[in-house]
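For reference, the chains in residue letters:
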Amino acid sequence: MKQQGLFENSTHKGESLPLPDADVTYYANWLAGSEADLLLRTLRSQIKWQQETISLYGKQHLVPRLQAWHGDPDCIYQYSGLTMQPQPWIAPLLQLKERCEAIAGNAFNSVLLNWYRHGQDSMGLHADDEPELGREPVIASLTLGAERPFIFKHRTLPKRHTLTLHHGSLLLMAGRTQLNYLHGISKTVKAVGDRINLTFRYIYPQE
Ligand SMILES: O=C(O)CCC(=O)C(=O)O
Ligand SMILES: [Mn+2]
């Protein structure tokens, strides 16, 4: 018998990815093309995009993409020595948050936005496993714009899986995905357009 995934009750058709020790569901056409186009234009202009500097092994590096962090006022997110204070919700983000909550069956209180301006913008392999996300976080990841390969790499097994994330698609990562896999977006020399990714998250307040 097929195992019941966390997200199978949705009216959208999701595809469960063949990843052992993980729970990942992909909705290729979560948003209609016209809606995704409008959102891409809206977010390019309405978000206060910033290029952060992070410190790695004592050296300062510009993050190879633009970012923004929005959420409830107490949602402070820390990674790579950066402390991100949330910008308030704006209407398009709040509406998306509610739709992600409905399909994921999980509450979100924050969203990280990444704008990959061209093929030289990227995100190194990592897991979303910071303590404030809890042990088995549910993360809803919306892609707008250019298609880029999204890589999953198992932490201990020789298992890699690459998925091309479509304009308007939603990727839900849950269960033990972050414990067992790293994920990322590589640079490419191909001429690719820009891409915005939004990851809705639930941040637990830290003492
Ligand atoms: O751009 C993506 O699809 C991935 C973004 C991501 O992994 C993150 O924001 O933690
Ligand atoms: Mn991530």
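Below you will find a few notes about this structure. Source: prediction; values computed, not measured.

All right, on to the overall build of the chain then. Broken down by element type, the chain carries three helices and 15 strands. A compact globule built from 207 residues should have a C-alpha radius of gyration of about 17 Å, and the chain, at 16 Å, falls within 12% of that. With the C-alpha coordinates of the chain rotated into their principal frame, the extents come out at 50 × 45 × 40 Å. Scored against the burial criterion, the 207 residues of the chain give a buried share of 49%. A total accessible area of about 10600 Å² is found for the chain, and carbon and sulfur atoms account for 53% of it. Distance from the positive charge centre (21 side chains) to the negative charge centre (20 side chains) of the chain: 8 Å.

Further remarks concern the nonpolar core. Within the largest apolar cluster, 31 residues are counted, with the highest numbers of intra-cluster contacts made by Trp30, Leu43, Leu113, Leu144, Leu170, Leu198 and Phe200. Of all the elements in the fold, those that place two or more residues in this core are helix 1 (33–46), strand 5 (66–71), helix 2 (91–104), strand 8 (110–116), strand 10 (139–145), strand 13 (169–174) and strand 15 (195–201). Here the element with the most residues in this core is helix 2; it accounts for five residues. Those residues in contact with phenylalanine 200 that lie beyond four places of it in its chain are Trp89, Leu93, Leu96, Lys97, Cys100, Phe108, Ser110, Val111, Val138, Ile139 and Ala140. Membership of the second largest hydrophobic core comes to 15 residues, among which are Phe152, Leu163, Leu165 and Met173.

As a volume, the largest pocket reaches approximately 540 Å³. Lining the largest pocket we find 30 residues, and of these Arg65, Tyr79, Met123, Gly124 and His126 sit closest to its centre. Of all the secondary-structure elements, those providing two or more residues to the lining of the largest pocket are strand 3 (53–56), strand 4 (59–62), strand 6 (77–79), strand 8, strand 9 (123–126), strand 14 (181–185) and strand 15. Broken down by element, the residue count for the lining of the largest pocket peaks at four residues, all from strand 15.

Thresholds, definitions, all that
Residues numbered from 1 in each chain as written. Chains lettered and ligands numbered in written order. Predicted model: local features only at pLDDT ≥ 70, side-chain atom pairs only at ≥ 80, totals over all residues. Heavy atoms only, no water. Helix = DSSP H or I, 4+ residues; strand = E, 2+ residues; numbered from the N terminus. Rg over C-alpha atoms; globule rule 2.2 N^0.38 Å. Buried < 20%, exposed > 50% of the residue type's maximum accessible area, 1.4 Å probe, protein only. Areas by Shrake-Rupley, 256 points an atom, 1.4 Å probe, with all protein chains shown as cover. Lys, Arg positive; Asp, Glu negative; His and termini not counted. Charge placed at Lys NZ, Arg CZ, Asp CG, Glu CD. Core = buried A, V, L, I, M, F, W, Y, C linked by side-chain atoms within 4.5 Å. Contact = heavy atoms within 4.5 Å. 1 Å grid on protein atoms, 1.4 Å probe; cavity = no way out; pocket = protein on both sides within 12 Å on 5 of 7 lines; lining within 4 Å. Points joined across faces, edges and corners; volume = space filled by probe spheres on them.

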